[in-house]
Amino acid sequence: MKKFIDSSENVAPTTSSSKSSGSAGMTRREFAGAATGMIAGLLGSSAGAFAAEPPGNRGQAISQRILLKGGVVLTFDANISDFEKADVLIEGKKIVAVEPNISANATVIDASKMIVLPGFIDSHHHCYQGALRNIQTNGLLEDYSRDIVGEATPFYRAEDAYVGELISAVRALDAGITTIMDISQVSHSPEHSDACIKGLMDSGIRAVFAYARGAGPKAQYPQDIERLQKQYFSSADQLLTLALGTQLIQEQWAVARKAGVRIFTHVVGRPAGETILSWGRSGLMRADNVYIHATGVSAELMKMIADTGGGLSIASPIEMTMRHGMPPLQRALDYGIRPSLSSDVETTMAADMFTQMRSVFTLQRAMINERAINGEKNLPPLLTARDVIGFATVEGAKVTGLEPKVGTLTPGKEADIVMLRTDLPNVLPFNNAYGAIVAHMDTSNVDTVIVAGKVMKRNGKLVGFDMDRIAGMADRSRNYIVGKVGWPRSVLDTSRPGR
Ligand SMILES: [Zn+2]
């Protein structure tokens, strides 16, 4: 097997810095780091050799150069272009060149049957719920509020939060998502917040941790943000960035602004929109705001979002199936806002960006097509496949505040890259890069995933994750939570409302 990355950069210290106490259902060692041996599988060595790898930022610079050779390269950089055939040179964690026919002393990855593009960005995901994925496919928002928020979440222990974060992040990486905005409303105690951060760190994904509320007597939200910021976010040169997930409470926005972090707020329905609009009239809506869903917002509010430079995170499949209201796609586009895309809750819908892209692509076109059929003239343009890939990449980078680092394949940016196979039955023969991605591909096409120059997936397989161990942890966490709430454990029993 060809040596791919210098193993010396992946050899871990032998001590663990975990502060967790091993508790029921999970061993200390499991909680200390399930995502071990990131590159071990690739090197043919045992994943066990990395079992003591401590939590921490996996995005350390690697010295070796990697050359992605001969792919269709979609840069999404307006100043470069997309290429029928080009190379991408990575040095350490950065992209250093994107052009045809690069010669370099580098480890070569053959991209000749690949589309090379920026890693996908999921701009809103409640990662802590990973162990409850697919548990409420038929649910509405009211079912979710009752069962997931009201019943299950209060039972979460810190290690359940950890496992949820980890498996959500691993699933994201597997699907080509290199950045995830995590808004996990499970900060029942400072230990819960720590566990969320640790789960993200142990996965190796790039993430915005939007610190969010919890419940119970030990909850320290939002003031614990000061400790979190000092403890985990003192450097800007790391994979994790801090933000604040807020409710419609002005004091929470003030806490975020004092800390200098972005503000992510769910806005569902017209009354919520009217509240935000009234704050906007007082000058409180700013460029650090990201509005999640924004279903039912008035034209006036959408204009205010555009005028104040705020961002949008649309979770189209969730909004449609759970009765949040119609995704405000066209209203956003009418005011010049390009939305980012998000998967929201895995309790109800798949968290991959192919699902998100296909959803907004067909929805916007359906709405415009219906207006055309009804005789309306001078209609807004139909979304194109390239438009929605931009939503899933560069627009995600903008709303998470990470555009200076990621979102396009631009020399100088960090190398967050996904490579999609074009030689599989679902896209043979290969005719159109943008169309293939949006209309025909799925996660089976995700061949290689790179985060900050580190290879997280290669040849269609996650690199270095002990999936048996992670699956065991997820099983035990799910059993604990579901046991506590007393839900049926049958995979066929849908007797419960929303199941
Ligand atoms: Zn949400």
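These notes cover the structure that comes with them. (Residues numbered from 1 in each chain as written. Predicted model: local features only at pLDDT ≥ 70, side-chain atom pairs only at ≥ 80, totals over all residues.)

What follows is about the overall build of the protein chain. A tally of regular secondary structure across the protein chain gives 16 helices and 17 strands. Scored against the burial criterion, the 499 residues of the protein chain give a buried share of 54%. Pairs at least 24 residues apart make up 76% of the contacts formed inside the protein chain by residues separated by at least 6 positions. (Helix = DSSP H or I, 4+ residues; strand = E, 2+ residues; numbered from the N terminus. Buried ≥ 20, exposed ≤ 12 C-beta atoms within 10 Å, placed from the backbone. Contact = placed C-beta atoms within 7 Å.)

Reading across from one edge, β6-β7-β8-β9-β10-β11-β12-β13 is the order of the 8 strands in this open sheet, with parallel pairing throughout. Edge positions in the open sheet fall to β6 (120-125) and β13 (340-341), since each of these has one partner strand only. Bridge count between strand β9 (residues 240-246) and strand β10 (residues 262-268): 4 bridges; the pairing is parallel. Residue threonine 246 lies in a different strand from β10, and its bridge partner there is threonine 265. (Pairing = 2+ DSSP bridges.)

All of the buried residues along helix α9 (residues 299-308) are Leu301, Met302, Met304 and Ile305. Each buried residue of α9 lies within a common arc of 155 degrees when the element is viewed along its axis, so the set occupies one face. Seen from the buried face of α9, the exposed residues on the opposite side, beyond 90 degrees, are Ala299 and Asp307. The secondary structure elements touched by the buried residues of α9 are α8 (270-281), β11 (289-295), β12 (311-314) and α11 (329-334). (Arc of directions from axis to C-beta.)

Next up on the list: the environment of glycine 407. Relative to the helices and strands, glycine 407 resides in the loop between α14 (394-399) and β14 (417-421). Along the chain, glycine 407 and glycine 390 lie 17 residues apart, while their C-alpha atoms are 8.7 Å from each other. Not counting residues within four places of it along the chain, the set of residues in contact with glycine 407 comprises Pro118, Ile121, Thr393, Val394, Gly396, Ala397, Lys398 and Leu402.

Attention now goes to helix α4 (residues 158-174). If you check α4, its first and last C-alpha atoms are 24 Å apart, about what 17 residues at 1.5 Å a residue would give, namely 24 Å. Where burial is concerned, most of α4 is hidden: 16 out of the 17 residues are buried. Immediately beyond the C-terminal end of α4, within one or two residues, lies glycine 176, with a positive phi of roughly 90 degrees. (Expected span 1.5 Å × (residues − 1).)

Relative to strand β2 (residues 82-91), strand β1 (residues 65-74) is paired through 7 bridges, and the arrangement is antiparallel. Within the sheet, the bridge partner assigned to leucine 68 lies in β2 and is valine 88. Note: β2 against strand β3 (residues 94-99), 5 bridges, orientation antiparallel. When the bridges of β3 are listed, isoleucine 90 appears paired with isoleucine 95. Counting the residues between successive antiparallel strands, the hairpin from β2 to β3 contains 2 residues, one of them, glycine 92, with a positive phi of roughly 60 degrees.

Between α8 and α9, the least distance of the axes is 10 Å, while the angle of their chain directions is 45 degrees. The pairing of α8 with α9 is recorded here as oblique in orientation. The hand of the α8/α9 crossing is left-handed. Each of Gly273, Ile276, Leu277 and Gly280 in α8 lies in contact with α9, whose residues at this interface are Glu300, Leu301, Met304 and Thr308. In terms of residue class, the contact of α8 with α9 is made up of 4 nonpolar, 3 polar and 1 charged. (Axes fitted to C-alpha atoms, helices over the stretch in contact; angles between N-to-C directions. Parallel < 35°, antiparallel > 145°, perpendicular 65-115°, else oblique. Left-handed = near helix turned anticlockwise from the far one by under 90°. Nonpolar A, V, L, I, M, F, W, Y, C, P; charged D, E, K, R; others polar.)

Here we take up the nonpolar core. Among the nonpolar cores identified, the biggest contains 136 residues, and Val88, Val116, Ala210 and Met357 are the most heavily contacted of them. Here this core takes 10 residues from α4, the largest share from any one element. For alanine 210, the contacting residues outside a window of four places in its chain are Met181, Asp182, Ile183, Ala243, Leu244, Gly245 and Phe264. (Core = buried A, V, L, I, M, F, W, Y, C linked by C-beta atoms within 7 Å.)

Orientation of α4 relative to helix α5 (residues 190-203), taken along the N-to-C sense of each, is 25 degrees, at an axis distance of 8 Å. In terms of orientation, α4 and α5 fall into the roughly parallel class. The two elements α4 and α5 meet at a crossing, and its hand is right-handed. Mapping the contact onto sequence places Ala158, Glu159, Ala161, Tyr162, Glu165, Leu166, Ala169, Val170 and Leu173 in α4 and Glu191, His192, Ala195, Cys196, Lys198, Gly199, Leu200, Asp202 and Ser203 in α5.

A cis geometry characterises the amide bond from tyrosine 221 onward to proline 222, with omega recorded as 0 degrees. Mapping proline 222 onto the fold places it in the loop between β8 (206-211) and α6 (225-232). Here the residue pair leucine 428 and proline 429 is connected by a cis peptide bond, since its omega of -15 degrees sits within 30 degrees of zero. Looking at where proline 429 falls in the secondary structure, it is placed in the loop between β14 and α15 (433-440). The backbone phi angle of phenylalanine 76 is positive, close to 60 degrees, even though this residue is not glycine. Along the chain, phenylalanine 76 turns up in the loop between β1 and β2. Unusually for a residue other than glycine, histidine 293 sits at a positive phi of about 75 degrees. Considering the arrangement of structural elements, one finds histidine 293 in strand β11.

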